[in-house]
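# Observations on chain architecture
Here is what each chain is made of, one letter per residue.
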Amino acid sequence: QIDQQVTGFAYYLPVSSIAVYGGSDGVIWEQQKKSLQSGTDIVIATPGRLLSYLKLGLIDLSRVRYFILDEADRMLDMGFQEDIMKIIRYLPINKQTLLFSATMPPKIRQLGLTILKNPEQVNISISKPPEKIVQKAYILYETQKPPIVQSILKDTQYNKIVVFCSKKENVKKLSRELNRAGIKNEEIHSDLEQNERENVLLNFRSGKTHIIVATDVISRGIDIEDIDLVINYDVPNDGEDYVHRIGRTARAETDGTAITLVSEAEQLKLFTIEELLGYPVPKASIDASFGETPAYYPQPKKKFNSYQKRKPFRKKGGSRPPQQS
């Protein structure tokens, strides 16, 4: 996607670019190899594939003037720090390095101190979700998630739906369960080759597939404007990830809905997200046919002892949830 944008920006300029990424297609390997050896101005690459070309001596980085690490926090989460440090050793000392990250945890600050020289830090506050997004949270038990998400997907009138899971194992399991229930979907996660992911997104864009189950690998960057429902099957680990996920909907001034399924163990995560947003995510009631549901009381358990009882915010159970619109 970045390579496509570069191509558009450089249409009237004598600037060339090449996208370098993994895959089992030998033709793609040869195309990338030829472009790198013949010389190109801009290389947009995944760390692993770029390192492969470097080890084989197929690319010379000695004249690089700008080195950009985009989505650095995500690359570190995926275990690319060692690869990044190896790539840096192939680069000249006199270059400009730019690091972009949606979050700034200690490991990112440490990486910045390691690879940047006298850096200037520019902070932009996290963007809030568009007001057009209707946000809802279902407070439930973990075992209630599969039947409730199936109910939402069967009864919905939405056109394009993304269901986010925090782990690829959850994506695979949920995708199988939905297909067995007659809810056609495709999955996307880091175990798929790049061309497989592109095919899934192509089917999704064209309307051949209406539902995809995915990890956060697509929570940032994908440019699909008509996603009208996002479901967080697992609560994101932090507020930034929540904003990125639900920001896939209500794009280009359209309306959208974001539903988050919150188990007992995830209540504190949702509370942290609400603190970052500055307001509570509305809690939707669950049909009594799904059984009793827990109260929403997002406090660390260590604050309570055997002589204290939690005072629930609402009674268990509840009336039928509002119809999806």
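None of these values were measured; they are calculated from a predicted model. (Residues numbered from 1 in each chain as written. Predicted model: local features only at pLDDT ≥ 70, side-chain atom pairs only at ≥ 80, totals over all residues. Heavy atoms only, no water.)

## Re the packing of helix α10 (residues 239-246) against helix α11 (residues 267-277)
Axes are the key here: two packed helices are described by the angle between their axes and the distance separating the axes. So the rule is basically this: Angles shown run from 0 to 180 degrees and are taken between the N-to-C directions of axes, each axis being a line fitted to C-alpha atoms and, for helices, limited to the stretch in contact. We count a stretch as a helix when DSSP gives it H or I for four or more residues in a row; a strand needs E for two or more, and each element gets its number in order from the N terminus. Roughly parallel means an angle under 35 degrees; roughly antiparallel means over 145; roughly perpendicular covers 65 to 115; every other angle is labelled oblique. Note on contacts: a residue pair qualifies if any of its non-hydrogen atoms lie within 4.5 Å across the two residues. Any residue outside Ala, Val, Leu, Ile, Met, Phe, Trp, Tyr, Cys, Pro, Asp, Glu, Lys and Arg is labelled polar, Gly included; the first ten of those are nonpolar and the last four are charged.
It is at 9 Å that the axes of α10 and α11 come closest, and there the two elements cross at 80 degrees. One way to sum up the angle between α10 and α11 is to call them roughly perpendicular. In this structure, α10 contributes Gly239, Glu240, Tyr242 and Val243 to the contact, and α11 contributes Ile273, Leu276 and Leu277. Of the residues contributing to the contact of α10 with α11, the split by class is 5 nonpolar, 1 polar and 1 charged.

## Focus on helix α5 (residues 81-88)
Operational definition: Partly exposed residues are those whose accessible area sits between 20% and 50% of the maximum for their type, while under 20% is buried and over 50% is exposed, using a 1.4 Å probe and protein chains only. Along the arc lie the directions from the helix axis toward the C-beta atoms.
Taken residue by residue, α5 has Asp83, Ile84, Ile87 and Ile88 as its buried positions. The arc enclosing the buried residues of α5, seen along the axis, measures out at 140 degrees, which places them on a common side.

## Some points on the pattern of salt bridges
This is how it is decided: Basic side-chain nitrogens of Lys or Arg form a salt bridge, by our definition, when they fall within 4 Å of a carboxyl oxygen of Asp or Glu.
As enumerated under the stated definition, the model contains 9 salt bridges in all. Here Glu266 ties to Lys145 by a salt bridge, and the two come within 2.7 Å at their closest N and O atoms. Remark: Lys145 occurs in helix α7 (residues 145-155) and Glu266 occurs in the loop between β10 (256-262) and α11; sequence separation between them is 121 residues. Owing to a relative accessible area of 9%, Glu266 belongs among the buried residues under this scheme. Assessed through its relative accessible area of 0%, Lys145 is described here as buried. One salt bridge connects Lys283 with Glu274, and the closest N-O pair in it is separated by 2.7 Å. For Lys283, a relative accessible area of 32% gives the class partly exposed. Residues joined in a network through salt bridges with shared partners are Glu142, Lys145, Asp234 and Glu266.

## Points about the side chain of Asn232
Rules: Any N or O atom pair separated by 3.5 Å or less is treated as a polar contact, with the protein-specific requirement of one donor-capable and one acceptor-capable atom, and with residues adjacent in sequence counted only for side-chain atom pairs.
One can find Asn232 in strand β9 (residues 229-232). By relative accessible area, which is 0% here, Asn232 ends up buried. A polar contact is formed between the side chain of Asn232 and the side chain of Thr260, at a distance of 3.0 Å. Setting aside residues up to four positions removed in sequence, Asn232 forms contacts with Phe164, Tyr242, Arg245, Ile246, Ile259, Thr260 and Leu261.

## As for α10
Counting buried positions over the 8 residues of α10 gives 6, a clear majority of the element. Taken residue by residue, α10 has Gly239, Asp241, Tyr242, Val243, Arg245 and Ile246 as its buried positions.

## Things to note about the packing of aromatic side chains
Rules: Two aromatic rings from Phe, Tyr or Trp, using only the six-membered ring of Trp, form a pair when their centres are within 6.5 Å; if the ring planes differ by under 30 degrees the pair is stacked, by over 60 it is edge-to-face, and anything between is tilted.
For the structure shown, the criterion picks out 2 aromatic pairs. Seen from their ring centres, Tyr11 and Tyr12 are 4.9 Å apart, and the 85 degrees between their planes marks the pair as edge-to-face. Here the two residues Tyr11 and Tyr12 agree in accessibility, since each one is exposed. Ring geometry for Trp29 and Tyr53: centres 4.5 Å apart, planes at 25 degrees, overall stacked. Taken together, the positions of Trp29 in helix α2 (residues 26-38) and Tyr53 in helix α3 (residues 47-55) put the pair 24 residues apart, joining distant regions of the chain. The exposure class of Trp29 is partly exposed, given its relative accessible area of 22%. We classify Tyr53 as buried; its relative accessible area is 0%.

## A few points about the confidence of the model for the chain
Under the convention used in this document: Per-residue confidence from the predictor is reported as pLDDT, which spans 0 to 100.
In the predicted model, the chain carries a mean pLDDT of 84, and the fraction of residues at 70 or more is 87%. Contacts of residues 303-311 to residues separated by more than four positions or lying in other chains number 8 contacts, the stretch itself having pLDDT below 50. In this model residues 318-325 is a low-confidence stretch, pLDDT under 50, and it forms 18 contacts with partners more than four residues away in sequence or in other chains.

## Digging into a nonpolar patch on the surface
Worth spelling out the cut-off: For patch building, the residue pool is restricted to those with more than 30% relative accessible area and no salt bridge; the joining distance is 9 Å between like charges and 5 Å between nonpolar side chains (Val, Leu, Ile, Met, Phe, Trp, Tyr). Surface accessibility follows the Shrake-Rupley procedure with a 1.4 Å probe radius. Residue values consider only the protein chains on display as shielding.
On the surface, Leu13, Val15 and Ile42 cluster together into a nonpolar patch covering about 220 Å² of accessible area. Turning to its location among the elements, Val15 is positioned in the loop between α1 (2-9) and β1 (17-20).

## A short note on the environment of Thr7
Tracing the chain through its elements places Thr7 in helix α1. Overall, the relative accessible area of 43% leaves Thr7 in the partly exposed class. Between the alpha carbons of Thr7 and Ile18 there is a distance of 9.2 Å; along the sequence they are 11 residues apart.

## A few points about the environment of Thr257
Along the polypeptide, Thr257 turns up in strand β10. For the pair Thr257 and Ile133, spaced 124 residues apart in sequence, the C-alpha separation works out to 5.3 Å. For Thr257, the contacting residues outside a window of four places in its chain are Ile133, Val134, Tyr158, Asp228, Leu229, Val230 and Thr249.

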